[in-house]
Amino acid sequence: MSLDHSQPHQCQARPQDLVEHDRVQTPLYEDAALFDEEMEKIFAHTWVFVAHGSEVPEKGSFILSWVGLQPVIVVRDRKGDINVLVNRCRHRAATVCEVKKGKTSSFQCPYHGWGYGLDGSLRGVPYPEQYGEDFDKAALSMKRLRVDSYQNMIFATLDESIEPLAEFLGPAKKWIDLFMKQGGGYPVKVLGEHQFTVPMNWKIQLENTTDAYHFPVVHKSFIQSLDKEAEATFNFFDKAGFVEDLGNGHSVAVMIPELIDLDENLDDPIPERFAELAQALRDEGFEEQKVRKIVRATGGAGFNLNLFPNVSLSLAFFRVLRPVSVKETAIRHVCLGMDGGPAAANRMRMRLQEHFQGPMGFGTPDDAEVWERVQRGTLGGKELPILVNRGLVDEVPGVDGPRGHLSAETGMRASYQMWKRMMAQ
Amino acid sequence: MSGIKTMERPSDLNSIGLQELTAFVWREADILDRCDYDAWLALWTDDGHYIVPIGPGENYEDQVNVCYDDAKMRKMRIERFQQGFSISSAPPADTVRTVSRFVLDRVDGDEIVLRCAEHVVENKFGRQRLYAANLTYTLVRTDGGLKIRDKVARLLNSEGELTAFSYLF
Ligand code: FES
Ligand SMILES: [Fe+2]
């Protein structure tokens with residue numbers, strides 16, 4: 001198909017007609033009605049990442065989160081089970097919690113004092129007499145979402161009928177398993193996070209994590225801030241990397257093939273920038289193999305995994321997106337570390353996170369800038385298609401789906417085919 | 001040294017010491033608004049940190065911050081701003097900053113701890129944003145005049161959603 005023939009967008013077009021295999025149409029980024037439809041057809045009918053288990057470590061621990069536009073509370077109850085509750089009182093709709101995270105034994109609505117248990121059940125109502133004899137507390141629990149988790153990543157859905165999480169993740173699961181090896185033998189734990197908003201459509205972010213094509217251009221100033229050896233590590237296109245469609249909208253981009261499995265190649269030389277850490281660990285008394293395992297895990301995995309529709313696993317962090325409106329998206333960059341692991345390694349991970357991922361990092365502001373540029377450019381030439389055809393020429397069948405050159409737009413095609421499937425429902 | 005040895009009247013704006021300090025901080029604000037980053041680096045001693053924290057507490061090393069720069073990172077950050085191919089900082093947002101509400105927190109030998117409020121108005125893409133921060137300076141008197149050892153800029157909503165920044169606070 002030739003790329004310079006373009007069809008103007010028909011406003012009456014069905015959403016699924018906006019996505020072809022090699023191109024998508026501009027309304028995808030800027031049509032407010034389409035956004036509403038996405039919230040209904042996608043975010044209300046899929047597994048949405050809400051939190052990592054380490055953010056709610058104990059009985060009574062909770063953290064606020066979102067499923068699409070809906071505010072939720074993720075809370076561990078007395079039995080240790082995770083509940084995801086819509087943050088809305090069943091009386092007159094006030095939010096019952098505005099503390100971002102913490103520990104509690106119950107939730108009490110600040111408006112008229114209705115009290116809820118950690119599983120969302122309505123426990124008590126002030127002056128219940130005025131509700132009469134047949135007042136049914138059991139029918140007035142906080143709305144509870146279906147919950148499932150994989151590798152301590154907690155997902156929720158508003159849809160009781162969709163497939164189990166493990167089935168939805170499919171081949172992405174083995175990549176999640178590999179990603180979690182960066183615990184270096186310790187459980188993976190959230191150390192902190194960066195949060196920021198960008199004036200862009202959520203799909204611009206969705207496309208980005210397995211788009212390696214942009215890396216050497218947008219992140220040139222980051223790469224140049226590294227030493228020669230690290231610079232070579234981030235020089236992706238000379239290596240055997242690839243990007244692969246994993247089905248259901250998920251995709252993986254392998255940037256540093258030698259870091260796919262962090263338990264392997266432990267005898268490789270320790271990179272310069274980790275030499276000091278390695279010495280600190282030796283000084284703490286760790287034996288050499290353990291030192292190597294921790295050091296290798298500290299830099300994170302050598303691939304980015306994009307899980308449709310709202311979370312990516314990248315290097316040593318999660319990138320979580322939250323659609324706010326058609327032109328606004330909130331992002332969390334969640335810094336991961338080793339629970340119970342050496343403080344020196346976790347410190348280094350936090351410094352690496354600050355170096356790239358934060359609002360003042362050497363990477364994220366440049367990403368945010370180009371994402372915003374896409375949204376601004378969308379205003380011009382609305383009839384022009386947005387191309388996702390890169391790498392189609394030499395794409396081959398991979399293990400789980402089409403596999404392209406690392407700089408290919410295979411990951412975007414994966415996302416948009418899933419988008420199309422869900423929007424056609 | 002002028003009369004700032006005691007904390008008896010810490011907010012006395014007539015104190016000569018405080019005037020000297022405010023002049024120093026205002027000069028830094030002017031330097032940052034003009035993006036005169038070499039001059040900014042020259043304001044620092046080598047051993048301190050420039051920190052924009054996220055959470056409460058002062059154990060910055062063991063938490064994720066917006067930024068936690070030692071001398072090496074400060075220098076790298078400035079190089080990045082100056083090299084001209086970071087899309088977010090070339091051109092950078094225009095900024096106008098006001099620093100006010102100075103409180104002399106403590107004076108300990110040659111070390112002076114000063115707190116103040118900062119407003120930064122940022123203009124980029126024809127859109128303006130406003131940020132407010134509480135600043136804490138640890139200044140030291142050296143032969144070369146006052147220098148910054150540590151600077152902590154605690155943004156309002158530091159634990160919430162921010163935007164990307166192509167400038168310093
Ligand atoms: S709105 Fe919650 S108790 Fe009335
Ligand atoms: Fe990027």
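The structure under discussion appears in the preceding block.
Residues numbered from 1 in each chain as written. Chains lettered and ligands numbered in written order. Predicted model: local features only at pLDDT ≥ 70, side-chain atom pairs only at ≥ 80, totals over all residues. Heavy atoms only, no water.

1. Considerations on the overall build of chain A
Here is step 1 of the chain: Of the regular secondary structure elements, chain A holds 13 helices and 21 strands.
Here is step 2 of the chain: When the 425 residues of chain A are sorted by exposure, 56% land in the buried category.
Here is step 3 of the chain: In chain A, 47 positive and 59 negative side-chain charges are present, and the distance between their average locations comes to 4 Å. (Helix = DSSP H or I, 4+ residues; strand = E, 2+ residues; numbered from the N terminus. Buried < 20%, exposed > 50% of the residue type's maximum accessible area, 1.4 Å probe, protein only. Lys, Arg positive; Asp, Glu negative; His and termini not counted. Charge placed at Lys NZ, Arg CZ, Asp CG, Glu CD.)

2. Comments concerning empty space enclosed by the protein
Here is step 1 of the chain: Counted according to the given criterion, the structure contains 2 cavities of 30 Å³ or more.
Here is step 2 of the chain: Forming the walls of the largest cavity are 31 residues, and the residues nearest its centre are Ser 314, Leu 315, Phe 317, Phe 356 and Gln 357 of chain A.
Here is step 3 of the chain: When residues of the lining of the largest cavity are traced back to their parent elements, those giving at least two are strand S17 (317-325) and helix H11 (343-356) of chain A.
Here is step 4 of the chain: Looking at which element gives the most residues to the lining of the largest cavity, the answer is H11 of chain A, with 5 residues.
Here is step 5 of the chain: Tallied by class, the residues present in the lining of the largest cavity amount to 14 nonpolar, 12 polar and 5 charged.
Here is step 6 of the chain: Contributing to the lining of the second largest cavity are 19 residues, with Glu 369 and Glu 372 of chain A together with Lys 124, Arg 129 and Ala 164 of chain B lying nearest its centre.
Here is step 7 of the chain: For the lining of the second largest cavity, the elements supplying multiple residues, two or more each, are strand S12 (188-198) and helix H12 (364-377) of chain A together with strand S4 (111-124) and strand S5 (127-142) of chain B.
Here is step 8 of the chain: By residue number, the principal contributor to the lining of the second largest cavity is H12 of chain A, which donates 4 residues.
Here is step 9 of the chain: Class assignment of the residues belonging to the lining of the second largest cavity gives a composition of 9 nonpolar, 4 polar and 6 charged. (1 Å grid on protein atoms, 1.4 Å probe; cavity = no way out; pocket = protein on both sides within 12 Å on 5 of 7 lines; lining within 4 Å. Points joined across faces, edges and corners; volume = space filled by probe spheres on them. Nonpolar A, V, L, I, M, F, W, Y, C, P; charged D, E, K, R; others polar.)

3. Comments concerning the coordination of the iron ion (ligand 2)
Residues and elements named next belong to chain A.
Here is step 1 of the chain: Protein coordination of the iron ion (ligand 2) is provided by His 214 (NE2), His 219 (NE2), Asp 367 (OD) and Asp 367 (OD), with donor distances spanning 2.1 to 2.5 Å.
Here is step 2 of the chain: Coordination at the iron ion (ligand 2) is irregular, judged from the 4 donor atoms that bind it and the angles of 57 to 153 degrees they form at the metal.
Here is step 3 of the chain: Summarised as a motif, the one-chain spacing of the donors to the iron ion (ligand 2) is H-x4-H-x147-D. When sorted by exposure, His 214 lands in the same class as His 219, which is buried. (Donors = N, O, S within 2.8 Å, 3.2 Å for Na, K, Ca; no water. Tetrahedral: all angles 85-135°; square planar, octahedral: opposite > 155°, others 65-115°.)

4. What to know about unusual backbone geometry
Here is step 1 of the chain: Backbone torsion omega between Phe 308 of chain A and Pro 309 of chain A reads 0 degrees, so that peptide bond is classified as cis.
Here is step 2 of the chain: Structurally, Pro 309 of chain A is set in the loop between strand S15 (303-307) and strand S16 (311-314).
Here is step 3 of the chain: Here Ala 90 of chain B and Pro 91 of chain B are connected by a cis peptide whose omega angle stands at 0 degrees.
Here is step 4 of the chain: Position of Pro 91 of chain B relative to the elements: it lies in the loop between helix H3 (71-83) and strand S3 (94-108).
Here is step 5 of the chain: Non-glycine residue Tyr 127 of chain A carries a positive phi angle of around 50 degrees.

5. Describing H11 of chain A
Here is step 1 of the chain: Over its 14 residues, H11 of chain A extends 20 Å from the first C-alpha to the last, a length consistent with the 20 Å expected when each residue adds 1.5 Å.
Here is step 2 of the chain: By the burial criterion, the buried members of H11 of chain A are Ala 344, Ala 345, Asn 346, Met 348, Arg 349, Met 350, Gln 353, Glu 354, His 355 and Phe 356 of chain A. (Expected span 1.5 Å × (residues − 1).)

6. Here we look at the pattern of salt bridges
Residues and elements named next belong to chain A.
Here is step 1 of the chain: Counted under the stated rule, the structure contains 41 salt bridges over all chains.
Here is step 2 of the chain: A salt bridge links Asp 263 to Lys 293, with the shortest nitrogen-to-oxygen separation between them at 3.6 Å. Of this pair, Asp 263 sits in the loop between strand S14 (250-254) and helix H9 (275-283) while Lys 293 sits in helix H10 (residues 288-298), and the two are 30 residues apart along the sequence.
Here is step 3 of the chain: Since its relative accessible area comes to 33%, Asp 263 is described here as partly exposed.
Here is step 4 of the chain: Here the salt bridges do not stand alone but share partners, grouping Lys 181, Asp 261, Asp 263 and Lys 293 into one network. (Salt bridge = Lys/Arg side-chain N within 4 Å of Asp/Glu carboxyl O.)

7. Observations concerning the sheet that holds strand S2 (residues 48-52) of chain A
Residues and elements named next belong to chain A.
Here is step 1 of the chain: The strand order across the open sheet formed by 3 strands is S2-S11-S10, and the pairing between neighbours is antiparallel. Two strands lie at the open edges of the sheet, namely S2 and strand S10 (146-150), each paired on one side alone. On average, each strand axis in the sheet is inclined to that of its neighbour by 30 degrees, with strand direction left out of account.
Here is step 2 of the chain: Across 4 bridges, S2 lies against strand S11 (residues 153-157) in antiparallel orientation. Residue pairing across strands places His 52 opposite Met 153, the latter belonging to S11. (Pairing = 2+ DSSP bridges. Axes fitted to C-alpha atoms, helices over the stretch in contact; angles between N-to-C directions.)

8. Observations regarding the pairing of S5 of chain B
Residue and element names in this part refer to chain B.
Here is step 1 of the chain: The pairing of S4 with S5 spans 14 bridges and is antiparallel. Bridged to Cys 116 within S5 is Leu 135.
Here is step 2 of the chain: Counting the residues that bridge the hairpin from S4 to S5 gives 2 residues, and of these Phe 125 lies at a positive phi of roughly 55 degrees.
Here is step 3 of the chain: Here 10 bridges tie S5 to strand S6 (residues 145-155), and the two strands are oriented antiparallel to one another. Residue Val 140 lies in a different strand from S6, and its bridge partner there is Lys 147.
Here is step 4 of the chain: The hairpin formed by S5 and S6 contains 2 residues between the paired strands.

9. Quick look at the sheet that holds strand S13 (residues 242-247) of chain A
Residue and element names in this part refer to chain A.
Here is step 1 of the chain: Taking strand neighbours across the sheet as the criterion, the 9 strands line up as S12-S18-S17-S16-S15-S14-S13-S21-S20 in an open arrangement whose pairing is antiparallel. Two strands lie at the open edges of the sheet, namely S12 and strand S20 (396-397), each paired on one side alone.
Here is step 2 of the chain: Pairing geometry for S14 and S15, over 4 bridges, is antiparallel. When the sheet's bridge partners are listed, Val 252 is paired in S15 with Leu 305.

10. Some thoughts on H9 of chain A
Because an α-helix packs 3.6 residues into every turn, residues spaced three or four apart end up facing the same way.
All names here are of chain A.
Here is step 1 of the chain: All of the buried residues in H9 are Leu 277, Ala 278 and Leu 281. Axial view of H9: buried residues confined to an arc of 100 degrees, hence all on one face. Residues of H9 that are exposed and point over 90 degrees away from its buried face: Glu 276 and Asp 283.
Here is step 2 of the chain: Looking at the packing, one finds that the buried side of H9 touches H10 and H11. (Arc of directions from axis to C-beta. Contact = heavy atoms within 4.5 Å.)

Fair warning: the whole summary comes from geometry, so function is off the table for now.
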